[in-house]
Amino acid sequence: MKTVYLIRHGEIPRYSPRRFIGRSDLALTDHGREQIRALPEKLPAGKIGAIYCSPLLRCRESAEILCSCIGGVPEIIEDLAEIHLGDWEGLTVAEVQKRYPGSYEERGRELSNFRPPGGESFGDLLARTKRGFKKILEGNAACVAVVAHAGVNRVLLCDILGMPIENMFRLEQEFACINTLHFEQGVFRLAGMNG
């Protein structure tokens, strides 16, 4: 059996009004660094055999802090990067609604397939993320940590639970949360979520 601790990166700066920050390469806040330093207390001592992360700074920084606490060197998995929001990147909801009338509402109705101009749909994100996750599952370590993003975690959890992507925002993914997955004979069991 393989155990995967699927972790969301620590806190990043929050904007008001909220902005789309899929691929924006933001660093952790000081509080976010503290959140990650506290994670080893929630993980099994001496059991993590490998740590993987998204290539984006907030995940790399989180994984490096985690490694400084428990040992190891993070391995970057490109396919774990957050959703690519294309021309929406960095915009507020109001700016998207003004520049692309009706698109924000269309995305809400069609989460699986809607792509912002130059970006990905959540269906695209799932397909890409599953490729990266497959590499992790094929690794030798029986217990691993994966530091990724809210979007990445949500689409993976939807897939594991057999839920449609349209329900993904029903799954909370707080900063520095841990989702515990057991994988055996091709089957996942969710042992804990958003802990």
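Remember, it's a predicted structure, so these values are computed and weren't measured experimentally.

Caption draft 1: Just the pattern of salt bridges, in detail. Inspection of every chain in the model, using the stated rule, returns 11 salt bridges. Linking Lys134 and Glu138 is a salt bridge whose minimum nitrogen-to-oxygen distance equals 2.6 Å. Residue Lys134 and its partner Glu138 are located together in helix H5 (residues 122-138), separated by 4 residues, close to a single helical turn. Residue Glu138 is classed as exposed on the basis of its relative accessible area of 52%. Connected through salt bridges with shared partners, the residues Arg23, Glu120 and Arg128 form a single ionic network.

Caption draft 2: Representation of the sheet that holds strand E5 (residues 178-184). Strand order in the open sheet made by the 6 strands is E3-E2-E4-E1-E5-E6, with mixed pairing throughout. Each of the sheet's edge strands pairs with one partner strand only, and the pair in question is strand E3 (75-76) and strand E6 (187-192). Contacts from helix H2 (residues 57-70) reach strand E1 (2-8), strand E2 (50-53), E3 and strand E4 (143-148), with the element oriented near 165° to E2. Packed onto the sheet, H5 meets E1, E2, E4, E5 and E6 and runs at close to 140° relative to E1.

Caption draft 3: Here's a closer look at H2. Compared with the 20 Å implied by 1.5 Å per residue over 14 residues, the 20 Å span of H2 between its first and last C-alpha is a close match. Those residues of H2 that fall on the buried side of the exposure criterion are Arg58, Cys59, Glu61, Ser62, Ala63, Ile65, Leu66 and Cys67. The inward-facing, buried residues of H2 contact E1, helix H1 (30-37), E2 and E4.

Cut-offs applied
- Residues numbered from 1 in each chain as written.
- Predicted model: local features only at pLDDT ≥ 70, side-chain atom pairs only at ≥ 80, totals over all residues.
- Heavy atoms only, no water.
- Salt bridge = Lys/Arg side-chain N within 4 Å of Asp/Glu carboxyl O.
- Helix = DSSP H or I, 4+ residues; strand = E, 2+ residues; numbered from the N terminus.
- Buried < 20%, exposed > 50% of the residue type's maximum accessible area, 1.4 Å probe, protein only.
- Pairing = 2+ DSSP bridges.
- Contact = heavy atoms within 4.5 Å.
- Axes fitted to C-alpha atoms, helices over the stretch in contact; angles between N-to-C directions.
- Expected span 1.5 Å × (residues − 1).

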